[in-house]
Amino acid sequence: MGDVALHERADAPRLASSPWPYFAVFVLATWVADVAWHASDRAHTSGLLTTVSWLLMTAAMMTPTTIPMLSALADVVSGREPRTWWAFLAGYLGVWAGFSIVVAQVHLMLADWNVVDAHGTFSSNNWAGVALLGAGVYQFSSVKDRCREACMRPMKFFMVHWRAGTVGALHMGVRHGLACLGCCVALMLLAFVGGMANWGFMTLATVIMVVEKWPTIGRTVTRPLGILLLALGAFVLVAQPLDVTSHTNHIEGTTDRKSTRLNSSHTVISYAVFCLK
């Protein structure tokens, strides 16, 4: 009995310092914040608001994809150095924050050129088709392969790139973040097709990226996904738009009657692939 009690007391600090409960709360908070933020019609009305939109969406989608790497790091440090774990995560998220700031500026530029609409999605089937084709081609690239392999081998990553201390963990997090960026950047940019405020697209894309980076099954997903994206891109480019309805917009107390177009490519992307609302 004494040995059992001693063992339980020895495990208590490790359990208390486990980062996983806090990590789960953080992930949930990013999703809730993103949903609440995009529920506002003002989410993309200025440079600052657009940047916040991308920061929230990227944090919500990309944080879960690093679970295999964080799990391996937890095994390495064995709960003795929680700051190492959190510093690694901070470095990783820092890379994606930089990506979000840059792509938000691209978003604003595309909006000025009327390439994307008020919801941050491409206003033309041609742009959507090109984006899908580009993402499909990227799935077969050597950059994608190298970056995905780096994400799928956590222990090898730490054996090769290990640096001790908080600053070293931050550096490792940045390195892993860059590898993850190279692996997932094309899929993240499909937010311009699926929609930044579309929870169905966000959920599906997050699941795909998590599976792609999972050590045991990631390789079996990449190429079939590339073929699917190429097929969808080709379909979008050749599909003919269909006028189906009209709606009334109220702007500053006046009524502006506009016809809307729901095209067949959007239908396929919405209901068959991205589960759009």
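Described below are features of the structure shown in this document. (Residues numbered from 1 in each chain as written. Predicted model: local features only at pLDDT ≥ 70, side-chain atom pairs only at ≥ 80, totals over all residues. Heavy atoms only, no water.)

### So, the nonpolar core
Okay, so step 1: Grouped together as the largest cluster of nonpolar side chains are 58 residues, with contacts concentrated most on Trp54 and Phe88.
Okay, so step 2: When residues of this core are assigned to their parent elements, the largest contribution, eleven residues, is made by helix α5 (residues 82-112). (Core = buried A, V, L, I, M, F, W, Y, C linked by side-chain atoms within 4.5 Å. Buried < 20%, exposed > 50% of the residue type's maximum accessible area, 1.4 Å probe, protein only. Helix = DSSP H or I, 4+ residues; strand = E, 2+ residues; numbered from the N terminus.)

### With respect to the pattern of salt bridges
Okay, so step 1: Here the structure, examined in full by the defined rule, presents six salt bridges.
Okay, so step 2: Among the ionic pairs, Glu212 bridges to Lys144, the shortest N-O distance being 2.9 Å. Of this pair, Glu212 sits in helix α11 (residues 199-213) while Lys144 sits in helix α7 (residues 142-152), and the two are 68 residues apart along the sequence.
Okay, so step 3: Taking the shortest distance from any N to any O, the salt bridge between Asp145 and Arg223 comes out at 3.7 Å. (Salt bridge = Lys/Arg side-chain N within 4 Å of Asp/Glu carboxyl O.)

### Examining helix α12 (residues 219-238)
Okay, so step 1: Helix length check: α12, at 20 residues, gives a terminal C-alpha distance of 30 Å against a target of 28 Å (1.5 Å per residue), a fit within 8%.
Okay, so step 2: Burial in α12 covers these residues: Thr222, Leu225, Gly226, Leu229, Leu232, Gly233 and Val236. Angularly, the buried residues of α12 cover 135° about the axis, an arc narrow enough to put them on a single face. Seen from the buried face of α12, the exposed residues on the opposite side, beyond 90 degrees, are Thr220, Ile227 and Val238. (Expected span 1.5 Å × (residues − 1). Arc of directions from axis to C-beta.)

### Brief notes about the side chain of Thr30
Okay, so step 1: Along the chain, Thr30 turns up in helix α2 (residues 20-38).
Okay, so step 2: Filtering out sequence-adjacent residues up to four positions away, Thr30 remains in contact with Leu56, Ala59 and Ala60. (Contact = heavy atoms within 4.5 Å.)

### Details of the packing of α11 against α12
Okay, so step 1: Two elements in contact, α11 and α12, have axes whose closest approach is 7 Å; the angle formed by their N-to-C orientations is 135°. With respect to their mutual orientation, α11 and α12 come out oblique. Taken together, the residues of α12 that come into contact with α11 (itself represented by Ile208, Val211 and Glu212) are Val221, Thr222 and Leu225.
Okay, so step 2: A breakdown of the residues in the contact of α11 with α12 according to their chemical character gives four nonpolar, one polar and one charged. (Axes fitted to C-alpha atoms, helices over the stretch in contact; angles between N-to-C directions. Parallel < 35°, antiparallel > 145°, perpendicular 65-115°, else oblique. Nonpolar A, V, L, I, M, F, W, Y, C, P; charged D, E, K, R; others polar.)

### Some thoughts on the packing of aromatic side chains
Working definition: an aromatic ring pair is given by the centre-to-centre distance plus the angle between the planes.
Okay, so step 1: Going through the model one piece at a time under the given rule, you end up with 13 aromatic pairs.
Okay, so step 2: Between Trp20 and Phe23, the ring centres sit 5.5 Å apart and the planes meet at 85°, which makes this aromatic pair edge-to-face. With Trp20 and Phe23 both in helix α2, this residue pair falls three residues apart, about one helical turn.
Okay, so step 3: Exposure remark for Phe23: the relative accessible area of 4% places this residue in the buried category.
Okay, so step 4: Aromatic pair Phe158 and Trp162: ring centres 6.1 Å apart, planes at 70°, arrangement edge-to-face.
Okay, so step 5: For Trp162, a relative accessible area of 35% corresponds to the partly exposed category.
Okay, so step 6: Three or more aromatic residues joined by ring pairs form one cluster here, namely Trp54, Trp96, Phe99, Phe122, Trp127 and Phe192. (Phe/Tyr/Trp six-rings, centres within 6.5 Å; stacked < 30°, edge-to-face > 60°.)

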